[in-house]
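# Architecture and fold: a report
Single-letter residue listing:
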Amino acid sequence: DVLRAISLSFSYKGGSANIYRYAVNKKYSPLLYSSLALLYKNKKRYVDSIDTYSEFIDKNKSSRHAYKFHQNIIALYKEAGISDAIVPEKVKFINNFGPGTSYQKNINKDEWNNLNKSIEKNVIDLASYYHANTKGKNKVKNATESEKWYRYYLTYYSSGSQAQQLNFKLAELLNDTKQYVKAINEYEKSAYQYPVKDSKSAYAAISLYEKPKQSDHRWRNRLKNAHVKFYNEFGTHKHANTVLLKASQYQFDDKEYTDAFSTSLILINKQRIDGKIYSSAILIYAHSSFELEKYPEAETGYKKAYAVAEPKLKNSLRDKAAASAYLSAKTLFNINPKLAIQELARVGNEYKGTEVAGTASFDAASLLMKQNNTSQAESILLGLKNTKAKGFD
């Protein structure tokens with residue numbers, strides 16, 4: 001009753017401006033301001049109630065009551081339906097009392113924990129509010145504000161329960177505003193830097209890598225590493241094989257034949273794999289083997305590619321298989337001439353009709369002649385007559 005009587009007196013005298021003038025014992029000031037603000041609120045004089053709280057905060061910025069009064073101000077704006085003022089007031093609330101401000105030093109640990117929870121919630125509200133308004137006329141400004149508050153959260157609440165989710169939303173915001181490099185950075189943070197790895201974020205990053213049109217070799221290496229890392233982390237993902245195939249294609253295009261060979265080998269050794277992915281992987285495997293002078297593996301690869309290739313590609317693949325087999329046989333000339341002859345003869349017989357088949361047969365006959373085996377050499381040369389192309393059947 002005493003507080004109500006005092007509050008009524010101050011309201012008749014012009015409001016809170018007089019509290020400091022008449023409050024002899026300043027320790028009662030928070031109680032007097034609070035009581036007067038409550039009186040105004042109950043009379044639905046919301047602006048007067050807000051002004052009362054604001055005046056106390058202005059005069060007592062370091063008071064342990066300041067943040068509570070500011071929370072009341074935000075609540076009053078909501079109750080009064082003054083929605084335009086809520087967002088600026090939340091910004092002011094965070095700037096005045098948030099982490100990194102001097103205010104944290106003025107209150108005890110328990111009160112700071114309660115305040116910090118309120119700050120965290122308001123930061124999320126601001127990031128979400130501005131994000132939701134990035135489609136309007138002030139979309140650039142709102143996107144900038146939204147990014148700022150997402151980053152504020154991830155700076156001060158990186159171990160919070162919503163950090164990973166908000167990190168993903170930040171990446172989505174950057175993607176929507178075509179800031180692709182920054183978006184990839186945030187998608188990858190969301191994917192890999194939290195206790196639970198997130199394949200959705202990782203795949204979103206993978207899907208953006210070609211958009212920045214970066215030509216720097218470091219970016220190219222990052223791109224390849226990202227694809228391999230995705231497969232290693234999320235091997236059961238529905239797009240995992242496609243991503244690894246893309247990695248092997250990048251590696252082959254960059255003449256990293258050893259990596260392309262190893263990567264494609266993983267795919268072709270899988271028991272269950274999409275036919276299109278397999279046919280592409282076996283070609284990369286064969287081409288890489290050839291470049292690495294692994295000619296037996298190259299021949300095997302080209303044969304397997306031939307088996308699943310479209311008709312228009314079969315002749316080319318047969319020629320490549322023949323070339324691989326011939327080069328493999330040539331490596332035996334000085335090591336094991338007898339085996340070299342056998343392999344050359346096989347190439348001549350198995351790949352009849354190809355350009356290299358005749359060369360292989362002549363080489364085989366030449367080696368036989370050097371060994372004085374003229375009859376077998378003659379037989380091979382006679383076999384070259386009336387040859388025609390055929391498949392591997």
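Everything discussed here concerns the structure shown above.
Worth saying up front: this structure is predicted, and the values here are computed from it rather than measured.

When its secondary structure is counted, the protein chain shows 20 helices and 0 strands. For the protein chain, the C-alpha radius of gyration of 38 Å lies well beyond 21 Å, the compact-globule estimate for 393 residues. Dimensions of the protein chain, computed from C-alpha atoms along their principal axes, come out at roughly 130 × 35 × 35 Å. Counting over 393 residues, the protein chain shows a buried share of 43%. In the protein chain, once contacts between residues fewer than 6 apart in sequence are set aside, the share between residues at least 24 apart is 52%. For the protein chain, the accessible area works out to roughly 21900 Å², and carbon and sulfur atoms hold 49% of it. Looking at charge distribution, the protein chain has the averaged site of its 60 positive side-chain charges lying 6 Å from that of its 39 negative ones.

In this section: a positive patch on the surface. A grouping of Lys135, Lys139, Lys178 and Lys211 is seen on the molecular surface, where their side chains present a positively charged patch. Locating Lys211 in the fold gives a position in the loop between α11 (199-208) and α12 (217-233). With relative accessibility at 43%, the residue Lys211 sits in the partly exposed group.

As a further point, take the layout of surface pockets. The volume enclosed by the largest pocket comes to roughly 220 Å³. Considering the residues around the largest pocket, the lining is formed by 15 residues, among which Ile57, Asp58, Lys61, Asn96 and Phe97 are closest to the centre. Those elements giving two or more residues to the lining of the largest pocket turn out to be α4 (46-59), α5 (66-80) and α6 (86-97). Ranked by residue count, the leading element in the lining of the largest pocket is α6, at 4 residues. Residue composition of the lining of the largest pocket, grouped by class: 4 nonpolar, 7 polar and 4 charged.

So, on to the environment of Asp274. Tracing the backbone through its elements, the reader meets Asp274 in the loop between α14 (257-268) and α15 (275-291). Classification of Asp274 by relative accessible area gives partly exposed; the value is 42%. Taking the C-alpha atoms as reference points, Asp274 and Asn241, 33 residues apart in sequence, are found 8.6 Å from one another. Within polar-contact distance, the side chain of Asp274 engages the backbone nitrogen of Lys276 at 3.0 Å.

Definitions and cut-offs
Every residue gets a number counted from 1 within its own chain, in the order that chain's sequence is written. Selection of residues for local features in this predicted model requires a pLDDT of at least 70, selection of side-chain atom pairs for listing and counting requires 80 or more, and totals for whole chains, interfaces and linings are taken over all residues. Neither water nor hydrogens contribute to the side-chain values; these are computed over all heavy atoms in the structure. Secondary structure elements follow DSSP: runs of H or I no shorter than four residues count as helices, runs of E no shorter than two count as strands, and numbering proceeds from the N terminus. The size measure is the radius of gyration over C-alpha atoms, and the globule rule it meets is 2.2 Å times the number of residues to the 0.38 power. The cut-offs for exposure are 20% and 50% of the maximum accessible area for each residue type, with area from a 1.4 Å probe on protein chains only; residues under the lower value are buried, those over the upper are exposed, and the others partly exposed. Here, two residues are considered to be in contact whenever any of their heavy atoms come within 4.5 Å of each other. Using the Shrake-Rupley algorithm and a 1.4 Å probe, accessible areas are obtained, with residue cover drawn only from the displayed protein chains. Here the positive residues are Lys and Arg and the negative ones are Asp and Glu; neither His nor the chain ends is included. To locate a charge, the coordinates of NZ of Lys, CZ of Arg, CG of Asp or CD of Glu are taken. To count toward a patch, a residue needs a relative accessible area over 30% and no salt bridge; like charges are then connected within 9 Å, while nonpolar side chains (Val, Leu, Ile, Met, Phe, Trp, Tyr) are connected within 5 Å. Salt bridges are identified by distance alone: a Lys or Arg side-chain nitrogen within 4 Å of an Asp or Glu carboxyl oxygen. For cavity detection a 1 Å grid was placed over the protein atoms alone, and a set of points counts as a cavity when a 1.4 Å probe fits there but cannot get out; an open set counts as a pocket when protein lies on both sides within 12 Å along at least five of seven lines, with lining residues being those that have an atom within 4 Å of a point. Grid points are joined across faces, edges and corners, and a volume is the space filled by probe spheres set on the points. Gly is put with the polar residues, along with every residue not named as nonpolar or charged; the nonpolar set is Ala, Val, Leu, Ile, Met, Phe, Trp, Tyr, Cys and Pro, and the charged set is Asp, Glu, Lys and Arg. Within 3.5 Å is the distance limit for a polar contact, defined as a pair of N or O atoms, with the added protein rule that one can donate a hydrogen and the other accept it, and that residues adjacent in sequence qualify only through two side-chain atoms.

That's the geometry; what it means functionally is another story.
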